[in-house]
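Residues per chain, in single letters:
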Amino acid sequence: MNEKLLTLIDSHAHLDSSQFGDELEQILQRADEAGIKQILTIGCDLQSSARSVTLAAQYAQVHAAVGIHPHDAGEATAEGLALIESLLAAPKVVAVGEIGLDFFRDHSPRDQQRTAFRQQIRLARKHQKPIIVHDREAHAEVLQILHEEHAADCGGVLHCFSGDITMARACLDLGFYLSFPGTISYPKNEAQREVVAAVPIDRMMIETDCPYLAPVPHRGKRNEPAYVRYTAEKLAEIKGLTLSDVARVTSRNVYDLFGIGAVDQQTKIAYQIRDSLYLNITNRCTNSCVFCAKFDDFVVKGHELKLDHEPDIEELKRAIGDPKKYREVVFCGYGEPLLRLELICELSAWLKTHQVKVRINTDGQANLVHGRNILPDLAGKVDALSVSLNAPDATQYQKLCRSKYPEIGYEAVKDFLKQAPTYIPEVIASAVSYPGVDIAACRKVAEDLGVEFRAREYNEVG
């Protein structure tokens, strides 16, 4: 990975902290050198909210959030809330926070905390700003208030997420993001790492919460934005991704929620995940699957994949560059690649001259599309096929995948899988673990067809 191209965002810092003294210039310089190009500094009371706005105005890489922390809930008077509302109008103020409940310290009476939390959610909804939620030992009540106050209307993030997997899924169902600090690197924090492993990275952010919660190897010392890189590295290790993947995806998530940073538009055609290069050659498809992520957006692992045209062979070669840099090249993208059979055959032949493994992810209905058996066309050019089976029978398949060939689509997929090993060395049938899908029955169908089977996580694309 080219270190100079790495871009990370610290989505939760307290740059106004007295612990930083007069070192802020040097701290921001170290962050920049570590690849942290944007920092969101968070207000916790009236004074720190005002200071955060000042810092955002002073430094190009800094944005601000303003709010009253549950420890200081007593400040949420009519006058205090009016001041927060006035600060929301300042340039580069992107959120209301941090707000929420803290039943661990209980520095403020709980009823006062609840009232302040509700009032600030209403303020965020009024101004259409996302919220940054503090939740400590108050999981059930935080969720209850988020529901009752319709917080999904403004969206937000649970910062320093400390709940279990059930709590995480409830937050995701609300449309919220989860943010993780350096605590995921602590040796005894296996429970939090289990949550990280279970949550789609497309709904995650990383943070320092500096000057607190420094990650390993700086645990016990003053934290600072440059150290968010260690959290990113640990997240990459847990998710089986590269540091570049984590930087790209989490930065895109910050952009989507807060509008901080920028969207990389350069990878619409060829995009890298881990050490594989994926080719997005069409957004057309023969299916309209109920679980397809493109009905929400066209983003996969931080890559924007909505095409404004279908690339030709020369565009694809330019986008690929040197194919030997990758473990494999995969025809995938946000459409059915075998709709462009002629292009795939030509490009695959070129890739094979570079001794690169070629894989195609397909819905398996290409023989219906082209009116003939197209598998011989792929022989010698394609090393692997991953075919979306997705159901154990035709009725379920049509309900989930909504094929353009409703009467014969499923049988065509099975026939494609059955014939494919004659022409392609590696053939895998897959199914998405969507609610209601009988994975065991899908596996049995694959075994009967004589091919391998793989279950894919629902909501984990790429």
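The preceding data block contains the structure.
Rules used throughout
Residues numbered from 1 in each chain as written. Predicted model: local features only at pLDDT ≥ 70, side-chain atom pairs only at ≥ 80, totals over all residues. Heavy atoms only, no water. Helix = DSSP H or I, 4+ residues; strand = E, 2+ residues; numbered from the N terminus. Rg over C-alpha atoms; globule rule 2.2 N^0.38 Å. Contact = heavy atoms within 4.5 Å. Lys, Arg positive; Asp, Glu negative; His and termini not counted. Charge placed at Lys NZ, Arg CZ, Asp CG, Glu CD. Buried < 20%, exposed > 50% of the residue type's maximum accessible area, 1.4 Å probe, protein only. Arc of directions from axis to C-beta. Polar contact = N/O pair within 3.5 Å; in protein donor to acceptor, adjacent residues only side chain to side chain. Pairing = 2+ DSSP bridges. Axes fitted to C-alpha atoms, helices over the stretch in contact; angles between N-to-C directions. Parallel < 35°, antiparallel > 145°, perpendicular 65-115°, else oblique. Left-handed = near helix turned anticlockwise from the far one by under 90°. Right-handed = clockwise from strand over helix to strand, strands pointing away. Patch = residues over 30% accessible without salt bridge, like charges linked within 9 Å, V, L, I, M, F, W, Y side chains within 5 Å. Areas by Shrake-Rupley, 256 points an atom, 1.4 Å probe, with all protein chains shown as cover. Salt bridge = Lys/Arg side-chain N within 4 Å of Asp/Glu carboxyl O.

### Observations regarding the overall build of the chain
Piece 1. Looking only at helices and strands, one finds 16 helices and 17 strands in the chain.
Piece 2. What you see for the chain is a C-alpha radius of gyration of 25 Å, in line with the 23 Å of a compact globule of 462 residues.
Piece 3. Sequence separation of 24 or more characterises 76% of the internal contacts of the chain that already satisfy a separation of 6 or more.
Piece 4. Within the chain, the 64 negative side-chain charges are centred at a point lying 3 Å from the centre of the 52 positive side-chain charges.

### With respect to the environment of K37
Piece 1. Structurally, the position occupied by K37 is in strand β2 (residues 36-42).
Piece 2. Given a relative accessible area of 30%, K37 falls into the partly exposed group.
Piece 3. Here the alpha-carbon distance between K37 and T231, two residues 194 residues apart in the chain, equals 16 Å.
Piece 4. Contacts of K37, omitting those with residues within four sequence positions, involve L6, T7, L8, D32 and Q61.

### Quick word on helix α6 (residues 165-173)
Piece 1. All buried positions along α6 are accounted for by M167, A168, C171 and L172. For α6, the angular spread of the buried residues around the axis is 140°, confining them to a single face. Among the exposed residues of α6, those pointing more than 90 degrees away from its buried face are T166, R169 and D173.
Piece 2. Close packing links the buried residues of α6 with β5 (131-136), α5 (139-148), β6 (156-158), β7 (177-180) and α7 (190-198).
Piece 3. Where α6 begins, one side-chain oxygen reaches toward the backbone nitrogen of T166, 3.2 Å away; that side chain belongs to D164.
Piece 4. Immediately downstream of α6, the backbone of G175 shows phi near 90°, a positive value.

### Some remarks on the side chain of E328
Piece 1. Looking at where E328 falls in the secondary structure, it is placed in strand β13 (residues 328-331).
Piece 2. Here R327 takes part through its side chain, which lies 3.1 Å from a polar atom of the side chain of E328.
Piece 3. Side chain to side chain, E328 and R359 meet in a polar contact 2.8 Å long.
Piece 4. Look past the residues within four positions of E328 in its chain and what remains in contact with it is D275, S276, L277, V356, K357 and R359.

### Looking at the sheet that holds strand β8 (residues 204-206)
Piece 1. The strand order across the open sheet built from eight strands is β1-β2-β3-β4-β5-β6-β7-β8, with neighbouring strands paired in parallel fashion. Where the open sheet ends on each side, the last strands, each with one partner, are β1 (8-13) and β8. If you compare each strand with its neighbour and ignore which way they point, the axes differ by 25° on average.
Piece 2. Two strands pair when backbone bridges link them, and strand β3 (residues 62-66) and strand β4 (residues 93-102) are joined in this way by three bridges, in the parallel orientation. Within the sheet, the bridge partner assigned to V66 lies in β4 and is V96.
Piece 3. Across the face of the sheet, helix α4 (residues 110-127) comes into contact with β4 and β5 while running at roughly 160° to β4.

### Re the packing of helix α10 (residues 313-320) against helix α11 (residues 341-353)
Piece 1. α11 packs onto α10 with a crossing angle of 40° between their chain directions and a minimal axis gap of 11 Å. In terms of axis orientation, α10 runs oblique to α11. Crossing hand, α10 versus α11: right-handed. Counting all contacts with α10, which are made through I313, L316, K317 and I320, the residues of α11 involved are L343, E346, L347, W350 and L351.

### Let's talk about unusual backbone geometry
Piece 1. Cis geometry is found at the peptide bond from C210 to P211, where omega equals 15°.
Piece 2. In this structure, P211 sits in the loop between β8 and α8 (228-239).
Piece 3. Cis geometry marks the peptide bond from V216 to P217, where omega comes out at 20°.
Piece 4. Unlike most non-glycine residues, Q128 shows phi in positive territory, near 50°.
Piece 5. If you trace the backbone, Q128 turns up in the loop between α4 and β5.
Piece 6. Here the phi dihedral of R274 falls at roughly 55°; this positive angle occurs in a residue that is not glycine.
Piece 7. Residue position: R274 is located in the loop between β9 (270-273) and β10 (276-279).
Piece 8. Residue classification places R274 among the partly exposed residues on the basis of a relative accessible area of 29%.

### Observations regarding the pairing of strand β17 (residues 452-456)
Piece 1. Direction of pairing for strand β16 (residues 426-432) relative to β17: parallel, over a ladder of five bridges. Note that in β17 the partner of A429 across the bridge is F453.
Piece 2. Remark: the β16/helix α16 (residues 439-449)/β17 crossover connection has right-handed handedness.

### Overview of the sheet that holds β13
Piece 1. With respect to topology, seven strands assemble into an open sheet ordered β9-β10-β13-β14-β15-β16-β17, the strand pairing being mixed. The outermost strands of the open sheet, each flanked by one partner alone, are β9 and β17. Direction aside, neighbouring strands of the sheet carry axes that sit 25° apart on average.
Piece 2. Relative to strand β14 (residues 357-362), β13 runs parallel, the two being bridged by four bridges. Of the residues in β14, the one forming a bridge with F331 is I360.
Piece 3. Strands β14, β15 (384-388) and β16 of the sheet are contacted by helix α15 (residues 409-419), whose axis makes an angle of about 160° with β15.

### So, a negative patch on the surface
Piece 1. Together, D312, E314, E342 and E346 give the surface a local cluster of negative charge.
Piece 2. Among the secondary structure elements, D312 is positioned in the loop between β12 (303-304) and α10.

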